[in-house]
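Structure assessment
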Amino acid sequence: MNPLVRAIVLILCIVMFYGCGYGRSDESEASPIVLGYSQLGDESTWRSQNSRSIINAADEAGIKIMFENAMQDPDNQIKAIRSFIAYKVDVIAFSPLVETGWDTVLGEARAAGIPVIIVDRMINTSDDSLYTCALGSDFDLEGRRAGEFLVREFEDSEKPVNIVELGGTADSTPAIGRYEGFRDVISEYPRFRVIFSEDGDFMLSKGREIMQQVLEEYDATEIDVLYSHNDDMTFGAIEIMRDAGIRPGVDIVIISVDATQRSINYLREGVVNYVIECNPNSGPRVMDLAKRIVLGEEVPKHLYIEEMVFDEYTDFDAIADRGY
Ligand code: GZL
């Protein structure tokens, strides 16, 4: 081949290879996409289902996944992301335990030309070029829904309403949103008073411990509402209430977030009064985004998962088994 023609062909190949974003021209002909996924831990029923959703969806999508569980340690997530970079994966996805501390390692991924998808929770950064897309829940809306339920539930009385709050992991997006969204609503009504709020890390054991502590500090008759940032902490608190002769859902109104099958069952039995869904089944959408990004397609910067609420008026026979 004429040297000039060969040079032109080579330049065209290079332009085509790098011109479509992240180096894949046609998925059908290339080897499987390699996704590095850093999961934050295994702290709750919700998280276990989220991990199953991610892993199963990768398999169904024909994506090779390197799945690392950080066991609630953000340093482990940073190490995992660095290993994905060293391995030269096609795309990185992760659910950040907390919102801060990610700029450096995501800067390394960007320098390596590896796109990043943020899943479930969010990061707090001034540089949104550090990630290609974020798929998660609207945690502020979840908190607002909890507050709006209380306003309706207590609309017929003027007496003070004392609230105990079991918060999620400090500095995590769900804990921040559920805390702030809730207060955005109840702050309009001075009679709603949060008398106790503590970080329970979304864990059943800590929900138990904190409720035990609350009942040492307050008489049960002083508590009107338990607002819990996730079902597992709710389940721990219910155990302690029952041990103390308190009727959960009757003596104390209970609001819980996630909507696992057990919380739906408790709602049906009147043990819990309001359940706010937080959908863990993001796997298929993560894999679809990964494919589109690797093929060089533009994707929206922020995507939210549709979620619903359940209360005593819910048609329980119409609800499919949650599966977790
Ligand atoms: C919310 C998710 C939270 C769940 C908890 O998207 O990050 O973490 O609400 C889980 O159950 O532990």
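The structure displayed is predicted, hence computed values, not measured ones.

**So, the overall build of the chain**
- When its secondary structure is counted, the chain shows 10 helices and 12 strands.
- If you line up the chain on its principal axes, its C-alpha atoms span 90 × 40 × 35 Å.
- Here the chain holds 324 residues, and 52% of them are scored as buried.
- The contacts in the chain between residues at least 6 apart in sequence include a share of 74% that link residues at least 24 apart.
- Accessible surface for the chain amounts to roughly 14800 Å². Of this, 51% is attributable to carbon and sulfur atoms.
- Positive and negative side-chain charges of the chain, numbering 29 and 57 respectively, have mean locations separated by a distance of 5 Å.

**Some details on the nonpolar core**
- M211 and L226 are the most contacted members of the largest nonpolar core, which has 28 residues in total.
- Looking at this core, the elements with two or more residues in it are strand 6 (161-167), helix 7 (204-217), helix 8 (231-243) and helix 9 (261-269).
- Considering every element that reaches this core, the biggest residue donor is helix 8, with 6 residues.
- The residues touching M211, leaving out its near neighbours within four places in the chain, are I223, L226, A237, I240 and M241.
- I54, I293, V299 and L303 belong to the second largest nonpolar core, which has 23 residues in total.

**Considering the domain arrangement of the chain**
- As assigned here, the chain comprises domain 1 (34-136 + 280-306) and domain 2 (139-278).
- The C-alpha centroid of domain 2 is placed 30 Å from the C-alpha centroid of domain 1.
- Opposite the 14 residues of domain 1 that make contact, domain 2 presents 17 residues.
- Taking both partners together, domain 1 and domain 2 bury about 1200 Å²; carbon and sulfur atoms supply 52% of that area.
- Together, W46, E99 and R121 form the three largest contributors to the area buried by domain 1 at its contact with domain 2, with a combined 40%.
- Counting across the interface, domain 1 meets domain 2 through 0 salt bridges.
- In terms of residue class, the side of domain 1 that touches domain 2 is built from 5 nonpolar, 4 polar and 5 charged.

**Concerning the pattern of salt bridges**
- Counted according to the given criterion, the structure contains 17 salt bridges.
- A salt bridge links D127 to R110; its shortest N-O distance comes to 2.8 Å. With D127 in the loop between strand 4 (116-120) and strand 5 (133-136) and R110 in helix 4 (residues 103-111), the pair connects residues that are 17 residues apart, well separated along the chain.
- Taken together, the salt bridges that share partners define one network made up of E43, R47, D120 and R121.

**Quick look at the confidence of the model for the chain**
- When pLDDT is averaged across the chain, the result is 93; 91% of the residues are at 70 or more.
- Every residue in residues 13-23 is under pLDDT 50, and counting partners more than four places away or in other chains gives 12 contacts.

**Observations concerning the environment of Q72**
- Relative to the elements of secondary structure, Q72 occurs in the loop between strand 2 (64-69) and helix 3 (74-87).
- Here Q72 falls in the partly exposed class, since its relative accessible area comes to 24%.
- Along the backbone, Q72 and T169 are 97 residues apart, and their C-alpha atoms lie at a distance of 9.7 Å.
- Residues contacting Q72, with those up to four places away along its chain left out, are L40, G41, E43, L97, T169 and D201.

**Some points on the site of the ligand**
- With respect to spatial proximity, 13 residues lie near the ligand, and among them E43, S44, D120, R121 and D258 are the closest.
- Taking R178, its side chain carries an N or O atom lying 2.9 Å from an oxygen atom of the ligand.
- N230 places a side-chain nitrogen or oxygen 2.9 Å from an oxygen atom of the ligand.
- Within the complex, 100% of the 310 Å² of free accessible area of the ligand lies under protein.

**Here's the deal with the environment of N76**
- Mapped onto the elements of the fold, N76 is located in helix 3.
- Judged by relative accessible area, N76 falls into the partly exposed class, the value being 30%.
- Sequence spacing of N76 and A61 is 15 residues, and the spatial spacing of their C-alpha atoms is 27 Å.
- Among the polar contacts listed, one links the side chain of N76 to the backbone oxygen of A70, at a separation of 3.1 Å.

Procedures and definitions
Residues numbered from 1 in each chain as written. Predicted model: local features only at pLDDT ≥ 70, side-chain atom pairs only at ≥ 80, totals over all residues. Heavy atoms only, no water. Helix = DSSP H or I, 4+ residues; strand = E, 2+ residues; numbered from the N terminus. Buried < 20%, exposed > 50% of the residue type's maximum accessible area, 1.4 Å probe, protein only. Contact = heavy atoms within 4.5 Å. Areas by Shrake-Rupley, 256 points an atom, 1.4 Å probe, with all protein chains shown as cover. Lys, Arg positive; Asp, Glu negative; His and termini not counted. Charge placed at Lys NZ, Arg CZ, Asp CG, Glu CD. Core = buried A, V, L, I, M, F, W, Y, C linked by side-chain atoms within 4.5 Å. Domains from an automatic or database assignment. Buried area = accessible area lost by both parts, 1.4 Å probe. Salt bridge = Lys/Arg side-chain N within 4 Å of Asp/Glu carboxyl O. Nonpolar A, V, L, I, M, F, W, Y, C, P; charged D, E, K, R; others polar. pLDDT = per-residue confidence, 0-100. Near = heavy atom within 4 Å. Polar contact = N/O pair within 3.5 Å; in protein donor to acceptor, adjacent residues only side chain to side chain.

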